[in-house]
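# Working through the structure, step by step
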Amino acid sequence: MLRGLYFCTHDSALWVNPLPCLHRSRIKLQQLQLAKKIGMSVPKTLATNNYEKAVEFLKMNNACTKSLDEASFQVDGYLFPFYTRLVSGDEIIENRERIEICHTLFQEFIDKKYDLRVTVIGNEVFPLAIHSQESELSQVDFRGLCPARMNQELVEIPNKLKEQIITFVKQQGLVYSAMDFAVTAQNEYFFLENNCNGQWQWVDNVAEGKLSDAMVTLLLANPVYIH
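The structure reproduced in this document is the subject of the present report. The shown structure was predicted, so the numbers you read here are calculated from the model rather than taken from an experiment.

Counting its regular elements, the protein contains 9 helices and 11 strands. Relative to the 2.2 N^0.38 estimate, which gives 17 Å for 227 residues, the radius of gyration of the protein is 19 Å and therefore close to what a compact globule would have. Across its three principal axes, the protein shows a C-alpha extent of roughly 60 × 40 × 40 Å. Within the span of the protein, comprising 227 residues, buried residues form 43% of the whole. Long-range pairs, those at least 24 residues apart, make up 64% of the contacts in the protein with a sequence separation of at least 6. Looking at the protein as shown, the accessible area adds up to about 13,300 Å², and 52% of this sits on carbon and sulfur atoms. With 22 positive and 27 negative side-chain charges, the protein shows a spacing of 5 Å between the two charge centroids.

Have a look at this one:
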């Protein structure tokens, strides 16, 4: 029913987000490729099942590992999140056989002052600073702590970064995005990933309804008529 509804209206209605664009844009490797192409800073990244290359990468970088696809896994009917975590050379040695049968994503770990979640609704950009370094639970991956238990605030970002963000979203064919950045002590912004269907109610709570207003404005400007 949902697929039928989509393909009956995809030429005449605004979808948040269009399904073909959504399926492509959620792939992390092409996100990093596009971010680098348009001039964003991105962490050094390696996706490999080559044990020697993994060892070499960890010798050169303070590294973390994260999921290549879905950021969760299921065991005995329970869903567990796959958080970003630091990885050591000893772990690589201990898991050589596992790496060789399964591509693993390794990435340079960025020492950050805070995390930045940038929610994009149409042409509206809402940057939220997440002071993740104040708790051990959220220092590596801010999802380790409930958003309501972290200090958060709307902030300004450089105009150049804002333009790059809008360019990124439009080139992906999206009208909504929730993008994650790491902000260093030197105020450098590193693109980490784009959550094409990322949750935004918790950001709206901090923004006092500004995101809801932007979403309503976007939808009202693009009414749907089904015949």
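Per the stated rule, a full pass over the model turns up 5 aromatic pairs. Ring centres of Y6 and F7 lie 4.9 Å apart, and the angle between their planes is 85°; this geometry places the pair in the edge-to-face category. Owing to a relative accessible area of 4%, Y6 belongs among the buried residues under this scheme. Ring geometry for F168 against F191: centres 5.3 Å apart, planes inclined by 45°, an arrangement best described as tilted. One end of the pair, F168, is in helix α7 (residues 159-171); the other, F191, is in strand β11 (residues 189-195), and 23 residues separate them in sequence. Connected via pairs of aromatic rings, a cluster forms that spans Y6, F7 and W15.

Another aspect to go through is the nonpolar core. Formed by 26 residues in total, the largest nonpolar core has its most connected members in M40, L116, I165, F168, M179 and F181. Those residues within four positions of F181 in sequence are excluded, and the remaining contacts are M40, Y114, D115, L116, V118, L161, I165, Y189, F190, F191 and L192. Counting 16 residues, the second largest nonpolar core, distinct from the first, contains I130, A178, V203 and M215.

It is worth spelling out the sheet that holds strand β5 (residues 85-86) at this point. Here we have 4 strands laid out as an open sheet, ordered β1-β6-β2-β5, and antiparallel in their pairing. Whereas interior strands pair on both sides, the edge strands pair on one side only; in this sheet they are β1 (45-48) and β5. Bridge analysis of strand β2 (residues 63-66) against strand β6 (residues 104-108) gives 4 bridges, and the strand direction is antiparallel. When the bridges of β6 are listed, K66 appears paired with L105.

The subject of this paragraph is the layout of surface pockets. The computed volume of the second largest pocket comes to approximately 410 Å³. Lining the second largest pocket are 18 residues, and of these T65, F82, R85, I99 and T104 lie nearest its centre. Elements with a contribution of two residues or more to the lining of the second largest pocket: β2, α5 (89-94), α6 (96-101) and β6. No other element matches the 3 residues that β6 contributes to the lining of the second largest pocket.

Let's shift gears to the pattern of salt bridges. Here the structure, examined in full by the defined rule, presents 6 salt bridges. Linking R85 and E91 is a salt bridge whose minimum nitrogen-to-oxygen distance equals 2.9 Å. Under the relative-accessibility criterion, R85 is labelled partly exposed at 41%. Members of the salt-bridge network, linked through shared partners, are E52, R96 and E100.

With that settled, the discussion passes to empty space enclosed by the protein. All chains considered together, the criterion is met by 1 cavity of 30 Å³ or more. As a volume, the largest cavity reaches approximately 40 Å³. K28, Q31, L32, K66, L105, Q107, F191, L192 and E193 together form the lining of the largest cavity. Only α3 (28-37), β6 and β11 provide two or more residues apiece to the lining of the largest cavity.

What follows covers helix α4 (residues 51-60). Buried residues of α4: Y51, A54, F57 and L58, and no others. What you see down the axis of α4 is that its buried residues fit within an arc of 125°, all on one side. Exposed residues lying more than 90 degrees from the buried face of α4 are K59 and M60. Against β1, β2, α5, α6 and β6 lie the buried residues of α4. One side-chain oxygen of the residue at the start of α4 lies 3.0 Å from the amide nitrogen of E52, identifying that residue as N50.

Basis of the calculations
- Residues numbered from 1 in each chain as written.
- Predicted model: local features only at pLDDT ≥ 70, side-chain atom pairs only at ≥ 80, totals over all residues.
- Heavy atoms only, no water.
- Helix = DSSP H or I, 4+ residues; strand = E, 2+ residues; numbered from the N terminus.
- Rg over C-alpha atoms; globule rule 2.2 N^0.38 Å.
- Buried < 20%, exposed > 50% of the residue type's maximum accessible area, 1.4 Å probe, protein only.
- Contact = heavy atoms within 4.5 Å.
- Areas by Shrake-Rupley, 256 points an atom, 1.4 Å probe, with all protein chains shown as cover.
- Lys, Arg positive; Asp, Glu negative; His and termini not counted.
- Charge placed at Lys NZ, Arg CZ, Asp CG, Glu CD.
- Phe/Tyr/Trp six-rings, centres within 6.5 Å; stacked < 30°, edge-to-face > 60°.
- Core = buried A, V, L, I, M, F, W, Y, C linked by side-chain atoms within 4.5 Å.
- Pairing = 2+ DSSP bridges.
- 1 Å grid on protein atoms, 1.4 Å probe; cavity = no way out; pocket = protein on both sides within 12 Å on 5 of 7 lines; lining within 4 Å.
- Points joined across faces, edges and corners; volume = space filled by probe spheres on them.
- Salt bridge = Lys/Arg side-chain N within 4 Å of Asp/Glu carboxyl O.
- Arc of directions from axis to C-beta.
- Polar contact = N/O pair within 3.5 Å; in protein donor to acceptor, adjacent residues only side chain to side chain.

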